[in-house]
Amino acid sequence: MKSAQVPDGGLLSRSRTVAPAGWSRWLVPPAALSIHLSIGQAYAWSVFKPALEKALDLSGTASALPFQLAIVMLGLSAAFGGTLVERKGPRWAMAVSLLCFSSGFLLSALGAATEQFWLIVLGYGFVGGIGLGIGYISPVSTLIKWFPDRPGLATGIAIMGFGGGALIASPWSSQMLESFGEDSSGIAGAFLVHGLVYAVFMALGVLLVRVPADGWRPPNWTPPTEQRAMVTTAQVSAKNALRTPQFWCLWIVLCMNVTAGIGILEKAAPMIRDFFSGTSTPVSVSAAAGFVALLSLTNMGGRLAWSAASDTVGRKNIYRLYLGVGALLYLLIATAGDSSKPIFILSALVILSFYGGGFATAPAYLKDLFGTYQVGAIHGRLLTAWSTAGVLGPLIVNWVADTQEAAGRSGPGLYSLSLYIMMGLLVVGFVANECIRPVNSRYHEPAPSGAGAETPAETETPAESKETEADDGSQQRLS
């Protein structure tokens, strides 16, 4: 096997991650899930918000800062580290994610114990956020390599775990706060346990992940030879992708979809309690935590179901569903107010399924537009839209809620304006999606002499893949 040419660089070397003959590609998704289920804890941050606000005397806007910074760092580390992740390989990336994510929790534990909120922001937001970004993109291109026949399903599997992380973390975190207490020492204990347990769980992914050998293809599968609507057989480098209107239209699509969902998700637990606080059936703390878990379930399920469906109906059509129907559901919640708890819950669950589906479908959409060459690096750059949304979404919802509360409003009145803003953002995203067309051929990489457009990486050795992935397209390989 050609990988034998690569010097043994230890446990994290690329040569040790190449799958041997007969390796089942279905062993790779569990490795991705071990990372994404762990870093997906970020979606359960709202469980900690009330305890932090009370213990450290914080406003709702302030208590969102660690989460906001974590999402910002996710996008930035994915954008700037995408090429490095592709060059170093998934095992290296997962190990870096483990180190940063767990260390972030340990720093946060120290910050809570000493009542130094800036340490929580630094630990969970900055250090942990780097772990989020590197971990988030670490398995994506690897799974696309293993599943070229079903890219939507593959990216759905890769990203499903991130959406489902809060399904585990939300009740677990809530139980730890009940056991340890909701004061600063109790919060510190919960953060400490999170950091240690997640380190062990993520290590399973580091040890299990493999990449396919050069030239590997699924049995009985032949790469497509004809260009279909919105699906290219050509290749576009990461540098050239940034020059296309298609990339920026998709950036707007993702940013608007994420902003409209993440603000609600970050505020989910206190939001449902506020919404129905003035009714005859108020929502308890435990029920609110259960609501967060349900949102996580649909977020996770939407990532797999909707992205898999996009393999059949097409990426553009599936985004029409996310954005168009999502806007109508926000309008329904805003107009129904606190008159119907089932309408609120069911609408929120469907919206979060679209939110998760939008994340999972994005890499496959990129593959359709730009090909498989450098798709991981392009995906990392696209995630700067998530960084932007990670600031805008929580800022809009928390700032509006704080402003409305100061004006004497309560219940649904705290959030009505936010809901209408989110609806408008989804309409903007819908228009941007309609503007996406196939990429102009002037941005395509030249096909290798005597080879098809889909084959540049199949002749590359692992030794060559260790070379820097040049933005000018001088080195071609499947991402």
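The rules we used
- Residues numbered from 1 in each chain as written.
- Predicted model: local features only at pLDDT ≥ 70, side-chain atom pairs only at ≥ 80, totals over all residues.
- Heavy atoms only, no water.
- Phe/Tyr/Trp six-rings, centres within 6.5 Å; stacked < 30°, edge-to-face > 60°.
- Helix = DSSP H or I, 4+ residues; strand = E, 2+ residues; numbered from the N terminus.
- Buried < 20%, exposed > 50% of the residue type's maximum accessible area, 1.4 Å probe, protein only.
- Lys NZ or Arg CZ within 6 Å of the ring centre and 35° of its normal.
- Axes fitted to C-alpha atoms, helices over the stretch in contact; angles between N-to-C directions.
- Left-handed = near helix turned anticlockwise from the far one by under 90°.
- Contact = heavy atoms within 4.5 Å.
- Nonpolar A, V, L, I, M, F, W, Y, C, P; charged D, E, K, R; others polar.
- Patch = residues over 30% accessible without salt bridge, like charges linked within 9 Å, V, L, I, M, F, W, Y side chains within 5 Å.
- Areas by Shrake-Rupley, 256 points an atom, 1.4 Å probe, with all protein chains shown as cover.
- Salt bridge = Lys/Arg side-chain N within 4 Å of Asp/Glu carboxyl O.
- Lys, Arg positive; Asp, Glu negative; His and termini not counted.
- Charge placed at Lys NZ, Arg CZ, Asp CG, Glu CD.
- 1 Å grid on protein atoms, 1.4 Å probe; cavity = no way out; pocket = protein on both sides within 12 Å on 5 of 7 lines; lining within 4 Å.
- Points joined across faces, edges and corners; volume = space filled by probe spheres on them.
- pLDDT = per-residue confidence, 0-100.
- Arc of directions from axis to C-beta.
- Core = buried A, V, L, I, M, F, W, Y, C linked by side-chain atoms within 4.5 Å.

Asker: Please clarify how the packing of aromatic side chains should be interpreted in this entry.
Answerer: Within a pair of aromatic rings, the relevant descriptors are the distance that separates the centres and the angle that separates the planes. This structure, assessed with the given rule, holds 29 aromatic pairs. With 4.8 Å between their ring centres and 70° between their planes, Y136 and W386 make a pair best called edge-to-face. Placement of the pair is Y136 in helix α6 (residues 117–137) and W386 in helix α17 (residues 384–406), with a sequence separation of 250 residues. Residue class for Y136 comes out buried when judged on its relative accessible area of 0%. When the ring of Y355 is compared with that of F359, the centres are 5.1 Å apart and the planes differ by 85°; the resulting orientation is edge-to-face. Placement of the pair is Y355 and F359 together in helix α15 (residues 341–370), with a separation of 4 residues, close to one helical turn. In this structure, Y355 and F359 share a single accessibility class: buried. Ring-pair connections join several aromatic residues into one group, and the members of that group are W45, F48, F101, F105, Y124, W172, F191 and Y198. For the cation-ring pair, K341 lies above F276, with the distance from its terminal atom to the ring centre recorded as 5.5 Å.

Asker: Looking at this structure, how should I read the packing of helix α4 (residues 65–88) against α6?
Answerer: The axes of two packed helices give the description: the angle between them and the distance between them. Axis separation between α4 and α6 bottoms out at 6 Å; the angle between their running directions is 35°. Crossing angle aside, the handedness with which α4 passes α6 is right-handed. Judged by residue contacts, L65, P66, F67, L69, A70, M73, L74, S77, A78, G81, G82 and V85 of α4 engage F117, I120, V121, Y124, G125, F126, G129, I130, L132, G133, I134 and I137 from α6. By residue class, the composition of the contact of α4 with α6 is 18 nonpolar, 6 polar and no charged.

Asker: Looking at this structure, I do not really get a negative patch on the surface. What am I missing?
Answerer: There is a patch of like negative charges on the surface, built from E115, E178, E182 and D183. Along the polypeptide, E115 turns up in the loop between α5 (90–114) and α6.

Asker: What exactly am I supposed to notice about helix α16 (residues 375–382) here?
Answerer: Given 3.6 residues per turn, any residue in an α-helix points the same way as the ones three and four places further on. With respect to burial, α16 is a largely interior element, 8 of its 8 residues being buried. Looking only at α16, the buried set comprises V375, G376, A377, I378, H379, G380, R381 and L382.

Asker: Which parts of the structure should I look at to understand the layout of surface pockets?
Answerer: Gaps between atoms show up when a probe of the same size as a water molecule is rolled over them. In this model, the second largest pocket occupies a volume close to 500 Å³. Split into classes, the residues belonging to the lining of the second largest pocket amount to 12 nonpolar, 3 polar and 10 charged.

Asker: Explain the confidence of the model for the chain here, please?
Answerer: Parts of the model with low pLDDT should not have their predicted coordinates read in detail. In this model, the chain carries an average pLDDT of 83, and 88% of its residues clear a pLDDT of 70 or more. Mean pLDDT in the chain bottoms out at helix α19 (residues 462–465), which sits at 35, and peaks at α5, which reaches 95. Contacts of residues 1–9 to residues separated by more than four positions or lying in other chains number 20 contacts, the stretch itself having pLDDT below 50. Across residues 450–479 the pLDDT falls below 50, and counting only partners more than four positions away or on other chains, this stretch makes 88 contacts in the model.

Asker: In this structure, what is going on with helix α2 (residues 49–56)? I would like to understand it.
Answerer: Every buried residue belonging to α2 is among K49, A51, L52 and L56, and all of these are buried. Considered in projection along α2, the buried side chains sweep an arc of 160° and stay on one side of the axis. Looking one or two places after α2, you find D57, whose phi comes out positive at around 55°.

Asker: How should the nonpolar core be read in this particular structure?
Answerer: In terms of nonpolar packing, the biggest core is built from 132 residues, with Y136, F191, Y355, F359, F370 and W386 touching the most fellow members. In terms of residue count, the dominant contributor to this core is α15 (14 residues).

Asker: How should I be thinking about a nonpolar patch on the surface in this particular structure?
Answerer: Nonpolar side chains collect at one region of the surface, where L106, L192 and L196 lie side by side and expose about 250 Å² of accessible area between them. Relative to the assigned elements, L106 resides in helix α5.

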